[in-house]
Amino acid sequence: MPSIVVIGMQWGDEGKGKVIDLLSERAGHIARAQGGNNAGHTIVAKGQEYRFHVVPSGIIYPHTKCYIGGGTVIDPVSLLSEFEGLRTRQIDFEDRLFLSRYAHVVMPYHRLLDQLAEKAKGTAAVGTTGRGIGPCYADKANRSGIRIADFLNPKAFRAQLEKALAMKNRELENLYGHGPLEFDPIFDEYQRLAERLGSFAAPVEELLFAAAKKGERILFEGAQGALLDTTFGTYPFVTSSCTLAGGVCSGAGVGPSLIDQTIGVAKAYTTRVGNGPFPTELKPDELSRFPDHSTARELGTTTGRKRRIGWLDTFLLKHTICLNGTDFLALTKLDILDGLDEIKICTGYKHCRSFPATLDELQSAEPIYETHPGWKQSTRGVEVYNDLPGPAKAYVRRVEELCGVSAGLVSVGPEREKTLWLDRFFE
Ligand code: GDP
Ligand code: IMO
Ligand code: MG
């Protein structure tokens with residue numbers, strides 16, 4: 001199994017960073033294919049916590065090569081600040097981090113327009129991360145974006161920025177009554193940023209192809225989650241890229257024949273950050289019995305917002321397993337359920353044969369629940385799957401049965417070692 005895709009199965013923040021870090025020990029290459037610094041991936045290793053936004057979560061292992069693919073959108077300010085973070089942690093990355101020349105650049109007007117559009121939407125706001133992701137992808141689709149290759153060429157960058165800024169200033173003024181942005185300060189600042197990023201630009205697509213041809217192990221790191229996918233997610237409460245396993249091909253620039261396996265990361269419950277429908281969201285009394293946000297590590301990695309919490313939804317998972325062709329589940333955060341008396345699993349929505357496509361249907365969906373007894377003891381110290389308390393194993397087995405997919409690993413804590421392996425990936 002030389003190449004594995006790790007993808008989020010819910011609305012993001014499933015624990016992809018932890019899973020990528022774990023598998024990176026056995027992989028040579030780790031690539032991000034889409035998204036930008038809207039993503040926040042957390043790793044806890046050797047007593048230290050790391051948070052990555054665009055840098056692949058495999059960077060901690062010194063033997064890896066890491067790639068940022070052509071389907072991503074790059075905010076140079078944020079990426080360079082991630083680089084500073086790596087230097088502070090003494091993680092050597094200069095010769096093993098490669099940035100595709102096809103990735104698009106998030107400019108200051110993208111961030112501003114993201115925030116202004118959200119404000120203008122009022123109660124209909126998506127609840128974006130405010131990082132300019134949507135406006136940047138919109139420019140890409142509209143053929144008015146700036147790609148890394150052009151960003152690194154002062155002449156091309158000047159010409160493209162002049163054109164783009166003229167249009168953006170009209171948009172800012174006409175739609176939002178906002179004053180114009182000045183060309184010179186932006187050009188000068190971004191020109192300096194380009195100089196600092198230049199040495200990372202590389203033919204990522206060719207490097208990945210060559211690695212695959214040699215049979216070397218490649219990990220593709222998904223960002224966001226399946227239901228934030230711009231086509232198949234809970235539109236319009238979605239992000240602006242393809243977050244599915246299939247998106248890895250177009251985003252990293254690899255062909256489907258290079259992908260061998262898809263691991264879907266799913267929390268043992270469900271969360272979502274930002275607005276939009278969430279059928280199994282906890283009622284206030286249920287939430288009061290759930291571990292608080294800080295204990296459950298459910299404060300957003302990127303924006304610090306409290307994540308909304310709900311019961312595990314296997315109707316949703318069956319849908320996202322179908323969208324991704326998921327081979328195995330990585331079931332994370334089982335330990336967060338440790339203290340609960342009862343745990344619910346949603347098995348379907350009343351009157352729905354297939355997962356609803358409209359907001360109206362999703363907003364009025366009535367989940368059908370099974371109630372399972374809690375195990376009421378800590379799973380944090382468990383080292384092998386068989387030592388889990390009986391009701392915890394029964395919970396995992398029921399999830400596998402309802403989803404029709406086996407769990408390849410179960411995670412019982414944020415740290416690397418708090419992982420119960422059921423499958424030896426890459427072997
Ligand atoms: P990602 O975006 O999918 O990488 O997930 P995030 O890092 O944004 O959010 C997951 C949070 O849960 C992080 O704080 C992780 O450290 C934490 N986490 C991951 N797996 C586990 C687990 O099994 N148990 C607990 N308690 N925390 C976990
Ligand atoms: P990771 O990779 C959770 C959500 C935002 C918002 C919607 C659109 O850490 O799982 P955007 O800024 O992308 O235009 O916001 O998508 N969102 C995420 N939610 N995890 C993420 O990434 C997310 N990236 C975007 O909260 O609802
Ligand atoms: Mg996250």
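These numbers were taken from a predicted model, which means no experiment stands behind them. (Residues numbered from 1 in each chain as written. Chains lettered and ligands numbered in written order. Predicted model: local features only at pLDDT ≥ 70, side-chain atom pairs only at ≥ 80, totals over all residues. Heavy atoms only, no water.)

Chemist: Just checking my understanding: could you explain the pattern of salt bridges for this structure?
Modeler: Pairing between side chains of opposite charge can happen when their charged atoms approach one another. Applying the stated criterion across every chain yields a total of 23 salt bridges. Its salt-bridge partner being Lys168, residue Glu171 comes within 3.6 Å of it at the nearest N-O pair. Taken as a pair, Glu171 and Lys168 lie in helix 6 (residues 154-176) at a separation of 3 residues, close to a single helical turn. The class of Glu171 is partly exposed, set by a relative accessible area of 29%. (Salt bridge = Lys/Arg side-chain N within 4 Å of Asp/Glu carboxyl O. Helix = DSSP H or I, 4+ residues; strand = E, 2+ residues; numbered from the N terminus. Buried < 20%, exposed > 50% of the residue type's maximum accessible area, 1.4 Å probe, protein only.)

Chemist: Explain the site of ligand 2 here, please?
Modeler: Every one of the 20 residues lining ligand 2 counts as a neighbour, but Asp13, Lys16, His41, Thr129 and Thr239 are closest to it. A distance of 2.9 Å separates an oxygen atom of ligand 2 from a polar side-chain atom of Asn38. Between ligand 2 and Gly127 there is a distance of 3.4 Å, counted from an oxygen atom to a backbone nitrogen or oxygen. Alone, ligand 2 offers 550 Å² of accessible surface; in the complex the protein occludes 98% of this. Of the residues assigned to the shell around ligand 2, the class counts are 7 nonpolar, 10 polar and 3 charged. (Near = heavy atom within 4 Å. Polar contact = N/O pair within 3.5 Å; in protein donor to acceptor, adjacent residues only side chain to side chain. Areas by Shrake-Rupley, 256 points an atom, 1.4 Å probe, with all protein chains shown as cover. Nonpolar A, V, L, I, M, F, W, Y, C, P; charged D, E, K, R; others polar.)

Chemist: What exactly am I supposed to notice about the nonpolar core here?
Modeler: Core analysis: the biggest nonpolar cluster contains 63 residues, and Leu208, Phe220, Leu334, Leu337, Tyr395 and Val410 have the highest contact counts within it. Top element by residues in this core is helix 13 (residues 390-403). It accounts for 6 residues. For Leu337, the residues in contact, after removing those within four places along its chain, are Ala268, Tyr269, Phe290, Ile343, Trp375 and Tyr395. Counting residues in hydrophobic clusters, the runner-up holds 54 residues, among them Val6, Ile20, Leu86 and Ala330. (Core = buried A, V, L, I, M, F, W, Y, C linked by side-chain atoms within 4.5 Å. Contact = heavy atoms within 4.5 Å.)

Chemist: What's the story with the sheet that holds strand 10 (residues 218-221) in this structure? I'm lost.
Modeler: The strands making up a sheet associate through backbone hydrogen bonding, with each pair oriented either parallel or antiparallel. If you walk across this open sheet you meet the 10 strands as 9-7-5-2-10-1-11-15-18-19, and the pairing is mixed. At either end of the open sheet lies a strand with only one pairing partner, and these are strand 9 (201-202) and strand 19 (419-421). Sheet strands touched by helix 8 (residues 204-213): strand 2 (29-32), strand 5 (65-68), strand 7 (97-100), strand 9 and strand 10. Its angle to strand 7, the strand with the most contacts, is close to 125°. (Pairing = 2+ DSSP bridges. Axes fitted to C-alpha atoms, helices over the stretch in contact; angles between N-to-C directions.)

Chemist: Please explain the pairing of strand 3 (residues 41-45) as it appears in this structure.
Modeler: On any regular strand, side chains alternate: one points to one face of the sheet, the next to the other face. Within strand 3, 4 of the 5 residues are buried, leaving the element largely enclosed by the surrounding structure. As judged from the 5 bridges shared by strand 3 and strand 4 (residues 48-52), these two strands associate in the antiparallel manner. The partner of Val44 across the bridge, within strand 4, is Glu49. Where strand 3 hands over to strand 4, the hairpin turn is made up of 2 residues, of which Lys46 adopts a positive phi near 50°.

Chemist: How should the domain arrangement of the protein be read in this particular structure?
Modeler: Often, the extent of an interface is quoted as the loss of accessible area on bringing the components together. Domain annotation of the protein identifies domain 1 (1-64 + 203-427) and domain 2 (104-197). Contact residues are listed per partner, giving 16 residues for domain 1 and 10 residues for domain 2. Here domain 1 and domain 2 share 0 salt bridges between them. Remark: the boundary between domain 1 and domain 2 carries 4 residue pairs in polar contact (both at pLDDT 80 or more). The residue inventory of the side of domain 1 that touches domain 2, partitioned by class, reads 3 nonpolar, 12 polar and 1 charged. (Domains from an automatic or database assignment.)

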